[in-house]
Amino acid sequence: MIEVLWHGRGGQGAFTAARLLGAASSFADGSYALAFPSFGPERRGAPMRAFTKMSRESIGDRSAVSRANYVIYLDDTLFGEDWEDELLPDGKVIVNSVRSFDDPRIVAIDANGISQEILGRPIPNTALLGALCSVCDYVSADDVKRAIEGYMPAKLQEKNKRVVDAALEAVGKTSAAGVVANVGKHSESQVIDSVSRETVEGESALAPASRGEALIPTLQTAALNPADFAHTTCYDGGYLVAKNAGWRNMRPVLDVGKCTGCLQCYLYCPDGCIFRPVRQATDAAGAAAVAIDYDFCKGCGVCVEVCRFGALVMVPESEGDER
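Novice: Explanation requested: the pairing of strand 3 (residues 47–55) in the structure shown.
Specialist: Regular strands place their side chains on alternate faces of the sheet. Among the 9 residues that make up strand 3, 7 are buried, leaving the element largely enclosed by the rest of the structure. In the sheet, strand 1 (residues 2–9) pairs with strand 3 via 8 bridges, with the strands oriented antiparallel. Within the sheet, the bridge partner assigned to G8 lies in strand 3 and is M48. Direction of pairing for strand 2 (residues 32–38) relative to strand 3: antiparallel, over a ladder of 7 bridges. Its bridge partner being in strand 3, A35 is matched across the sheet by T52.

Written out as structure tokens, the structure is:
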């Protein structure tokens, strides 16, 4: 049995890729596949996993995959130092990254750049499927395209098949050169992002961030638009150091008149984005008990779910500044 472990964030299409791979591998007679996700309590932008199992025999084990033949990272911020713990001997890791790696087991491809160029959006899942086809002979690119035709809306099929071809070509060029390096095209913001991560992970020390400030050593002079530029959320709750608003398409809005100050939203916010503002003696009556830090809020909606008084509602991001 061939097992594939997908690491991604909500909204990147990891589960879609897992299902497409399962469909592609099961077209041949006598083939079986199983695909399923593992979500946490959050939504868009939150780390999640998906699994694909492929076999020529019936699959009875429906448990999560702990060590896989192929481990695929749709976001390289999830690619940590313990990556080898999830990889079987002779396995391969495929990372959506503009970085280079010296380990021959790691294939890096700029899946965001490829999908941005063809789809107009950085959705890396089908590019990584194409990269997988180049290193795994269990499933072919033609079968992946057939799965795209069967399981994707008609308007998305042709472009996603082109993404698969572009990824195959990119990884093929890298393999022919005999090196393991990042491939595909990438934007200037992605290059800046890579440099900033290296600085954060290297010798540069981060001082505790004050509320509403993002300490990004190499980017303090850069103008960042959260809609185009999102950073990692892999920090403990309340200690995010990079703007995360780029993942958000809905935002929570507080109705001060309905808020009772119960602080359930404050307690349940997974990233510490809801905080208690410093009160002054001159505060007017009716001041809100809590406030929302929109620089870090990713719009998961947990606060709205736990509010029993209807004081919080989700509104489209385009309407947020009007409220």
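Novice: What exactly am I supposed to notice about the packing of aromatic side chains here?
Specialist: The geometry of two aromatic rings is summed up by the distance between their centres and the angle between their planes. Tallying each qualifying case throughout the model produces 4 aromatic pairs. Between F36 and F51, the ring centres sit 5.0 Å apart and the planes meet at 35 degrees, which makes this aromatic pair tilted. Taken together, the residues F36 in strand 2 and F51 in strand 3 connect sequence positions 15 residues apart. You'll find F36 and F51 in the same group, each marked buried. An aromatic cluster is present here, built from Y73, F79, W83 and F101 joined pairwise through their rings. Lying across the ring of Y138, R56 places its NZ or CZ 4.3 Å from the centre. When the ring centre of Y294 is taken as reference, the NZ or CZ atom of R251 above it lies at 4.2 Å.

Novice: Just checking my understanding: could you explain the pattern of salt bridges for this structure?
Specialist: As a working rule, side chains carrying opposite charge can pair if their charged atoms are close by. For the structure shown, the criterion picks out 11 salt bridges. With a shortest N-O distance of 3.4 Å, D76 and R99 are connected by a salt bridge. Taken together, the residues D76 in the loop between strand 4 (68–73) and strand 5 (87–96) and R99 in the loop between strand 5 and strand 6 (106–109) connect sequence positions 23 residues apart. The buried category is assigned to D76, whose relative accessible area is 9%. We note a salt bridge from E158 to K161, for which the minimum N-O separation is 3.1 Å. Taken as a pair, E158 and K161 lie in helix 5 (residues 154–177) at a separation of 3 residues, close to a single helical turn. Given a relative accessible area of 11%, K161 falls into the buried group. A single network of salt bridges, built from pairs that share partners, joins E3, K53 and D61.

Conventions and cut-offs
Residues numbered from 1 in each chain as written. Predicted model: local features only at pLDDT ≥ 70, side-chain atom pairs only at ≥ 80, totals over all residues. Heavy atoms only, no water. Buried < 20%, exposed > 50% of the residue type's maximum accessible area, 1.4 Å probe, protein only. Helix = DSSP H or I, 4+ residues; strand = E, 2+ residues; numbered from the N terminus. Pairing = 2+ DSSP bridges. Phe/Tyr/Trp six-rings, centres within 6.5 Å; stacked < 30°, edge-to-face > 60°. Lys NZ or Arg CZ within 6 Å of the ring centre and 35° of its normal. Salt bridge = Lys/Arg side-chain N within 4 Å of Asp/Glu carboxyl O.

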